Amino acid sequence: MKERKQTFIVDNEISLLEAIFNFKRDLSKKSVKNYIKNKMVMVNGKVVTNSSNLLSKNDLVEICYEKRIIPKYDLDILYEDEYLIAINKPSGLLSISNDKEKDITAYRMVSDYVKSNKNNKFIFVVHRLDQDTSGVLLFCKNEKIRDKMQENWNNIVKKRGYIAIVDGKLFGKGTFRSFLMEDKRQFVYSSKNGIGKEAITHYEVVRNNGNYSMLQVFIDTGRRNQIRVHLSEHGMPIVGDKKYKCKSNPLKRLCLHANILEFIHPVSKKLVSIKCDIPDEFRKLVK
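All residue numbers refer to positions counted from 1 along the written sequence of the respective chain. Side-chain atom pairs in this predicted model are given and counted only at pLDDT of 80 or more, local residue features only at pLDDT of at least 70, and totals for whole chains, interfaces and linings cover all residues. By convention in this description, side-chain values take in all heavy atoms of the structure and omit both hydrogens and water.

K.L.:
Report on the overall build of the protein chain, specifying residues and quantitative values.
P.N.:
Secondary structure is summarised from DSSP: a helix means a run of H or I of at least four residues, a strand means a run of E of at least two, and numbering begins at the N terminus for each. From N to C terminus, the protein chain includes seven helices and 17 strands. Dimensions along the principal axes, computed over C-alpha positions, put the protein chain at roughly 60 × 50 × 40 Å. Categorising residues by exposure relies on relative accessible area from a 1.4 Å probe, with only protein chains included: less than 20% of the type maximum marks a residue as buried, more than 50% marks it as exposed, and the intermediate range marks it as partly exposed. A total of 287 residues make up the protein chain; the buried ones form 46% of that total. Considering only intrachain contacts with a sequence separation of at least 6, the fraction spanning at least 24 residues in the protein chain is 62%. Taking the 53 positively charged and 34 negatively charged side chains of the protein chain as two groups, their mean positions are separated by 3 Å. In this analysis, two residues are considered to be in contact whenever any of their non-hydrogen atoms come within 4.5 Å of each other. Charged residues are defined here as Lys and Arg on the positive side and Asp and Glu on the negative side; His and the ends of the chain fall outside this count. A single reference atom marks each charge: NZ on Lys, CZ on Arg, CG on Asp, CD on Glu.

K.L.:
Go over the packing of aromatic side chains with me, naming the residues and quoting the values.
P.N.:
Two rings from Phe, Tyr or Trp (for Trp, the six-membered ring) form a pair when their centres are within 6.5 Å of each other. A pair whose planes differ by under 30 degrees is stacked, one over 60 is edge-to-face, and the rest are tilted. Counted by the stated rule, this structure contains five aromatic pairs. When the ring of Tyr 35 is compared with that of Tyr 65, the centres are 5.6 Å apart and the planes differ by 80 degrees; the resulting orientation is edge-to-face. Placement of the pair is Tyr 35 in helix H2 (residues 29-37) and Tyr 65 in the loop between strand S6 (60-64) and strand S7 (77-80), with a sequence separation of 30 residues. Tyr 35 sits in the buried class, given a relative accessible area of 13%. A residue is classified by how much of its surface remains accessible, and Tyr 65, at 10% relative accessible area, is buried. Here Phe 176 and Tyr 203 contribute two aromatic rings whose centre-to-centre distance is 5.2 Å and whose plane-to-plane angle is 20 degrees, an arrangement assigned as stacked. Taken together, the residues Phe 176 in strand S12 (residues 173-182) and Tyr 203 in strand S14 (residues 197-208) connect sequence positions 27 residues apart.

K.L.:
Break down unusual backbone geometry for me, citing the residues and quoting the values.
P.N.:
A positive phi angle is found at Lys 245, which is not glycine, with a value near 75 degrees. Tracing the sequence through the fold places Lys 245 in the loop between helix H6 (226-233) and strand S16 (256-264).

K.L.:
I'd like a rundown of the nonpolar core, residues and numbers included.
P.N.:
Counting 40 residues, the largest nonpolar core has Ile 165, Leu 231 and Ile 238 as its most contacted members. Here Leu 231 is in contact with Ala 164, Val 166, Phe 176, Leu 215, Met 236, Pro 237 and Ile 238, once residues within four sequence places are set aside. In this text, buried Ala, Val, Leu, Ile, Met, Phe, Trp, Tyr and Cys residues form a nonpolar core when linked through side-chain atoms within 4.5 Å. Within the second largest apolar cluster, 19 residues are counted, among which are Ile 14, Leu 17, Met 40 and Val 41.

K.L.:
An account of the packing of helix H1 (residues 16-23) against H2 is requested, with residue identities and associated values reported.
P.N.:
Between H1 and H2, the shortest axis-to-axis distance is 10 Å and the interhelical angle comes to 120 degrees. For the element pair H1 / H2, the angle class is oblique. Judged by the twist between their axes, the crossing of H1 over H2 is right-handed. Here H1 contributes Leu 16, Leu 17, Glu 18, Ile 20 and Phe 21 to the contact with H2, which in turn contributes Lys 29, Val 32, Lys 33 and Ile 36. Only Asp, Glu, Lys and Arg are considered charged, only Ala, Val, Leu, Ile, Met, Phe, Trp, Tyr, Cys and Pro nonpolar, and every remaining residue, Gly among them, polar. Within the contact of H1 with H2, the residues separate by chemical class into six nonpolar, no polar and three charged. The axes used here are C-alpha line fits, helices contributing only the stretch in contact, and every angle between their N-to-C directions lies in the interval 0 to 180 degrees. An angle below 35 degrees is treated as roughly parallel, one above 145 as roughly antiparallel, one from 65 to 115 as roughly perpendicular, and anything else as oblique. Helix crossings are classified by the rotation of the near helix relative to the far one: an anticlockwise turn of less than a right angle makes the crossing left-handed, while a clockwise turn makes it right-handed.

K.L.:
Explain H2 to me, and be specific about the residues and the numbers.
P.N.:
Of the residues making up H2, those classed as buried are Val 32, Tyr 35 and Ile 36. For H2, the angular spread of buried residues about the axis comes to 95 degrees, placing them on one side. Among the exposed residues of H2, those pointing more than 90 degrees away from its buried face are Lys 30 and Lys 37. At its buried positions, H2 is contacted by H1, strand S3 (41-43) and S6. With its phi angle positive at about 60 degrees, Lys 39 sits one or two positions after the end of H2. Within this analysis, the arc is defined by the directions that extend from the helix axis to the C-beta atoms.

K.L.:
Requested: an account of the sheet that holds strand S4 (residues 46-47), with residues and values cited.
P.N.:
By definition, two strands form a pair when at least two bridges between them are found by DSSP. Read across the open sheet, the four strands follow the order S1-S6-S3-S4; overall the sheet is antiparallel. Single-partner strands in this sheet number two, and they are strand S1 (5-9) and S4. Sitting on the sheet, H1 touches S1, S3 and S6, and the angle it makes with S1 is about 110 degrees.

K.L.:
Can you break down the state of the cysteines residue by residue, with the values?
P.N.:
Here, disulfide denotes a covalent bond that connects the sulfur atoms of two cysteines. Two cysteine sulfurs form a disulfide in these notes if their separation is within 2.5 Å. Per the counting criterion, the structure on display carries zero disulfides. Free of any disulfide, Cys 255 has its nearest neighbouring cysteine sulfur in Cys 246, separated by 8.2 Å. Among the residues examined, Cys 255 registers a relative accessible area of 0% and is labelled buried. Summary of cysteine pairing: Cys 276 is not part of a disulfide, and the nearest cysteine sulfur, belonging to Cys 255, is at 15 Å.

Here's what the structure looks like:
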């Protein structure tokens, strides 16, 4: 009978795939890849889903054979009151569930927190971030207030800011305006005939080096993949964004981070300004 879990310590620098394959000779490399892909492997207590991830000597690897491991994220709460809660969502984490993933979502994390620490039984989605985008994500603790915010979102929200790292050494600032459409593959693009949903994106270069530039971006509209599309179509794709034609991916993630959200509080009517620090890895990349 196969053990439920097995652990071993790595004795030399090696890829995760090779390390497990050497440890478990009864498994094919295809099976090992499936274990890793399906979140059934941890390295030093953290789930790793990249088979080529390079391990170091004395790293601890754990294989779970029965079911995948649900990773434990440290919930980074940026703002909370009686009605609202905002977190710094990690890159790679879904805002809400989809057909492939039901459990590992920002919604589930915040819901569990609210249920265990507060009297509220439910939370409600106010807006979303792409899975690979990190930063400010807002939830509501009251369904009626959620509805009120969503119905008046463009009037309530005063500022939506993002930090983007793009390919190349850029200067200056500018504004992009187009009408976006989406094809059957969920690929978003600007139409040439003015048909689609209007999207307006403002940007300003705040730092650069020989390879990359850091942009502060503000959007007037919240269309799907809006920033990614506009920057890519104007020759500056976001680093790590293979979908929109970026070839470099030094951080193994999409370099887009929601760093500012300002809105009128639905109850107090006061301006709420939520800010989220720029990831250290972004700063290091654009030294």
